[in-house]
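Coordinates in review
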Amino acid sequence: LVSKEGLIVTNKHVVADKNAEYTVFMNNGEKFIAQVLARDPVLDIALLKIELKTLGGFFPFLSLGNSDTLEVGQSVIAIGNALAEFRNTVSVGVISGLARSVVAGDSSGNTELLDHVIQTDAAINPGNSGGPLLDLSGRVIGVNVAVAQGSQNIGFALPINSIKSAIESVKKTGKIVRPYLGIRY
């Protein structure tokens, strides 16, 4: 959750099925039907919205940090749904590399180039996708996105600064608007 109004950031590959209905489970066991507001055409992120059941209330949410100031060796915390079985799994590690480029693939054979990602040795397992990578102050500095298969403790997160513009765009327009340059040959 990145806003008190119920805005959620996750990975696009987590909500890839456009015909599916998605449910968000809160720590206290409450369930909310989530509406997918936007899937980013550039980054592997999607923004969802859940509605509060009581008027006048708000959702607790995480503050966003600054991924431009990260340093190799800095301690980080990854939270996710490890192996799609263990909710709220917390792992601790360090930033192992910055501005990495990796090709990520899914079980369907789709691949995607992820550029400028954060590499960490905090355990990021299948199922952790879309969860936050936090600094030691509890601010989101990345969104867990991929693991290197066949390795131990090589995980990747999208830096939060590359996601902030998408969050603001959805808040203002209800969709992700990105500038692009088109060239026809």
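The structure contained in this document is the topic of the report that follows. Predicted model only: the values in this text are computed from it and were never measured.

With respect to the side chain of Ser67
- Looking at the element boundaries, Ser67 is found in the loop between strand E4 (46-49) and strand E5 (75-82).
- On the basis of relative accessible area, Ser67 is assigned to the buried category, the value being 9%.
- In contact with Ser67, not counting residues within four places along its chain, are Ile141, Pro159, Ile160 and Asn161.

Focus: unusual backbone geometry
- Here Asn88, not a glycine, exhibits a phi torsion of approximately 55°, which is positive.
- Looking at the element boundaries, Asn88 is found in strand E6 (residues 86-105).
- Its relative accessible area of 46% is what places Asn88 among the partly exposed residues.
- Phi at Ala99 takes a positive value of approximately 55°, unusual for a residue other than glycine.

What to know about the nonpolar core
- Among the nonpolar cores identified, the biggest contains 24 residues, and Val9, Ile45, Leu47, Leu114, Leu158, Ile163 and Ile167 are the most heavily contacted of them.
- Mapped onto this core, the elements with two or more residues apiece are strand E1 (7-10), strand E7 (111-120), strand E9 (140-147), strand E10 (155-159) and helix H1 (164-173).
- If you tally residues by element for this core, the top one is E9, at four residues.
- Sequence-distant contacts of Val9, defined by excluding residues within four places in its chain, comprise Val2, Ala46, Leu47, Gly130, Val143, Ile163 and Ile167.
- In terms of nonpolar packing, the next biggest core, distinct from the first, is built from eleven residues, Ile8, Tyr22, Met26 and Ala46 among them.

Cut-offs applied
- Residues numbered from 1 in each chain as written.
- Predicted model: local features only at pLDDT ≥ 70, side-chain atom pairs only at ≥ 80, totals over all residues.
- Heavy atoms only, no water.
- Helix = DSSP H or I, 4+ residues; strand = E, 2+ residues; numbered from the N terminus.
- Buried < 20%, exposed > 50% of the residue type's maximum accessible area, 1.4 Å probe, protein only.
- Contact = heavy atoms within 4.5 Å.
- Core = buried A, V, L, I, M, F, W, Y, C linked by side-chain atoms within 4.5 Å.

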